[in-house]
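# Structural features, examined
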Amino acid sequence: MKLSSAFLFRPLLISVLVGSIATQAQYASGQWSLVQDGLSGVSALELAVVSETTVMIFDKVESNPLQTNGHVAWAAELNLVTRTVRPLNPASNTWCGTGSFLSNGTMVSSAGTAVLIVPVGENGLASIRLFDPCEDGKCDVIEDQRARLEDGSVLLFGGSWDAGVINNPTIHNPTYEFFPPKNIHGHNGTPIYSPFLQNTLNDNYFPFVITLPDGNLFIAANTQAMIFDWKTNKEVRSLPGIPNGVRISAPLSAGATLLPLTPENNYTPEVLICGGSTISDDLAVWKPGILSSQTPTSDQCVRMLLNDEGIAAGWQVEHMPEPRTMGELILLPDGRVTIVNGAHTGFGTSGGIVRDPIGLSDSDHPAFTPVLYDPIAPLGKRFTQEGLPTSDIARLYHSTSSLTPNGTILLAGSNPNLDVETHLYPTEYRLEWLSPPYMEKPRPTYTGLPKTFDYNAKITLDVDLPAGAENVSVVIMDFGFATHGVHMDQRLVGLVSELSDDKTKLTVTGPPSATIYSPGPAYVFVLADGVPSFGSKTLIGTGAQPPLDEDALANVLSSLPLYWDKWTAAHPGEPVPVPSATSA
Ligand SMILES: *[C@@H]1O[C@H](CO)[C@@H](O)[C@H](O)[C@H]1NC(C)=O
Ligand SMILES: *[C@@H]1O[C@H](CO)[C@@H](O)[C@H](O)[C@H]1NC(C)=O
Ligand SMILES: *[C@@H]1O[C@H](CO)[C@@H](O)[C@H](O)[C@H]1NC(C)=O
């Protein structure tokens, strides 16, 4: 059917035919479904899959129904099988923090905010929290300087030392640092100044940072992008700005992802950024009562291949079927991108900065229908909403989403309120599960995945393929860490594999290098004609802890009072948040 309409309307007959045939063979056809099932207990402001059966959810300290140790909980572990939650016990406020995974599989949650509502917990502003995922319901969040001592390989970029609807010169923190701290660029563990963060004010909360196969970083914020070498602290290449004046960072939030890195594309990186807004980031415009929750957002997606030719060609501009802010770009194991959550109008802020808030929401017209993007389809044929189910649950500010190991997409959260609210748009605890058509197909299964899977190592999986399976391949995925539409570290890397003649053994070669896939957790999917297996978890690399520099750590801890002094000076009369031994 699709092929015949392509025949009629496309002048480039040959390339369309090839594209469409590949698409038919590559993706499972059939029905999508959307099911609402389970409650998150705390509102899902930050979310990350941490094991084959569990998901970590962080909220801010607020009047949640879930209780722990006689007070409200603001973190929970969701069980993907029972769809129930268990409260966790961080000591400090995780509001607007971020997260990532270390090479040994431990999750690091960093930063947060002072406690503003319910008087439990500590100021989370400069906190580091560690969580060792488990499947026995016994693990919890640890806030401990000594834990911080031991771990690292995470780069923390940008932010502010106080809360603000939009970043600005008064509160911004135009620096980056490492966890564990490194003695580098003449900074013994302490934050390193970034001119890019200075130059991208004011719209530069939650910049996009992506590790590239050559070891450099792609960094984008506001309307700018660059390639950055963290080892020399140099911008090695300035990239073309985002076309048409579209701003892409929170609160004018777009979503972004690295597209699949595969042996077929020679692991050539290509980024996709969708949505955002053309509204000014001038502070005069961001005074209360000027902007409107009805302001249109952008339908622009931009995409660039990050090699010489791609950069010379610049951003390729495409348009989503609908405009969107705060959307999340979720990679599917089959290489496509699903755009979920967010709003068609307004901003990624809350608290009624606009003149016409809905409750405290500064956005309106929730995006109820996901969009599917096929990166290998011909230009103009990549987006579709056909067959994608429409929800009636708004997922606005502070909503999250992730692919799960079984291949469904979990939709969670939304809370554009200071505390728990029931008016439109309420604090949202209901979970939804979006299932692509492959969920209904006979699935490939496999056994034999080792606990660690090293670079270029060969492993052999015992596979059980659906009858008649022809195209068998393997991908590893990092599902990332979701917050504010930014899906940090999300990645899909194709591996080289070889199927035995009797189709029962699949020999798989580990990723080529640590810059193609950073050491740490990965979920391994065997795909048969576009239908993925369950994604079992392994650790890419050896599972070793990242390097630790004791001296740099001691130095950064002793310089922390600087932050508290700034914060307390800016909050006269407010109770001083005591940086205890547990919040570093
Ligand atoms: C086989 O599947 C892989 C992964 O989905 C895809 O990249 C490749 O293009 C497919 N090959 C054909 C011939 O469809
Ligand atoms: C991983 O490393 C961190 C820091 O060195 C440590 O706190 C944590 O316990 C380690 N996790 C595991 C599973 O060994
Ligand atoms: C994964 O999804 C399939 C449906 O495709 C279902 O039958 C199975 O129980 C799920 N497995 C887990 C572990 O959730």
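Residues numbered from 1 in each chain as written. Chains lettered and ligands numbered in written order. Predicted model: local features only at pLDDT ≥ 70, side-chain atom pairs only at ≥ 80, totals over all residues. Heavy atoms only, no water.

### So, the sheet that holds strand β3 (residues 54-58)
Judged by pairing direction, the sheet is antiparallel, and its six strands sit side by side in the order β7-β6-β3-β2-β37-β38 without closing on themselves. The sheet is open, and its two edges are formed by β7 (85-87) and β38 (486-488), each paired on a single side. Sheet twist, expressed as the average angle between the axes of neighbouring strands with direction ignored, equals 20 degrees. One ladder, built from five bridges, connects β3 with strand β6 (residues 75-79); its direction is antiparallel. (Pairing = 2+ DSSP bridges. Helix = DSSP H or I, 4+ residues; strand = E, 2+ residues; numbered from the N terminus. Axes fitted to C-alpha atoms, helices over the stretch in contact; angles between N-to-C directions.)

### Re unusual backbone geometry
Cis geometry marks the peptide bond from F179 to P180; its omega dihedral reads -5 degrees. You can see P180 is positioned in the loop between β12 (175-179) and β13 (183-184). In this structure, the amide linkage connecting A250 to the following residue, P251, adopts the cis form with an omega of 10 degrees. Along the polypeptide, P251 turns up in the loop between β19 (234-239) and β20 (254-258). The phi angle at N341 is positive, at roughly 65 degrees, despite the residue not being glycine.

### A word on the side chain of H172
Tracing the backbone through its elements, the reader meets H172 in the loop between β11 (154-157) and β12. On the accessibility criterion, H172 (11% relative accessible area) is buried. Residues within four places of H172 in sequence aside, it is in contact with G159, S160, W161, N167, Q198 and L201. (Buried < 20%, exposed > 50% of the residue type's maximum accessible area, 1.4 Å probe, protein only. Contact = heavy atoms within 4.5 Å.)

### A closer look at the state of the cysteines
Summed over the entire model, instances satisfying the criterion amount to two disulfides. Two residues share a disulfide in this structure: C134 and C139, whose sulfurs sit 2.0 Å from each other. Taking the sign of the S-S torsion, -75 degrees for the link of C134 and C139, the bridge is left-handed. The buried category is assigned to C134, whose relative accessible area is 12%. Judged by its relative accessible area of 10%, C139 is buried. With a sulfur-sulfur separation of 2.2 Å, C274 is cross-linked through a disulfide to C301. Looking down the S-S bond of the C274 and C301 bridge, the torsion is 115 degrees, so its handedness is right-handed. Of this pair, C274 sits in strand β21 (residues 270-275) while C301 sits in strand β22 (residues 300-305); the two residues are 27 residues apart in sequence, bridging distant segments of the chain. Taken as a pair, C274 and C301 share a single burial class, namely buried. The connectivity of the disulfides in the chain is 1-2, 3-4, where the numbers refer to bonded cysteines in sequence order. (Disulfide = S-S within 2.5 Å.)

### Quick word on the side chain of S414
Here S414 is to be found in the loop between β31 (409-413) and β32 (430-435). For S414, a relative accessible area of 1% puts it in the buried group. In terms of polar contacts, S414 uses its side chain to reach the backbone carbonyl oxygen of A394, at 3.5 Å. (Polar contact = N/O pair within 3.5 Å; in protein donor to acceptor, adjacent residues only side chain to side chain.)

### Brief notes about the site of ligand 3
Lining the immediate environment of ligand 3, one finds N406, M439, R443 and F534. In isolation ligand 3 offers 370 Å² of accessible surface; the protein chains occlude 42% of this area. Residues that form the shell around ligand 3 fall into these classes: two nonpolar, one polar and one charged. (Near = heavy atom within 4 Å. Areas by Shrake-Rupley, 256 points an atom, 1.4 Å probe, with all protein chains shown as cover. Nonpolar A, V, L, I, M, F, W, Y, C, P; charged D, E, K, R; others polar.)

### Overview of the confidence of the model for the chain
On average, the chain scores 88 in pLDDT, and the residues at 70 or more come to 88%. For the stretch residues 1-24, pLDDT sits under 50, and the model shows ten contacts to residues farther than four places along the chain or on other chains. Below a pLDDT of 50 lies the segment residues 576-584, which in the model reaches 23 contacts outside its immediate sequence neighbourhood of four places, other chains included. (pLDDT = per-residue confidence, 0-100.)

### Side note on helix α6 (residues 550-558)
Counting along an α-helix, one turn takes 3.6 residues, and residues three or four places apart therefore face a common direction. Burial in α6 covers these residues: A552, L553, V556 and L557. Taken around the axis of α6, the buried residues stretch over an arc of 130 degrees, which confines them to a single face. More than 90 degrees from the buried face of α6, the exposed residues found are E550 and S558. Of the residues that open α6, the one with a side-chain oxygen 3.1 Å from the backbone nitrogen of D551 is D549. (Arc of directions from axis to C-beta.)

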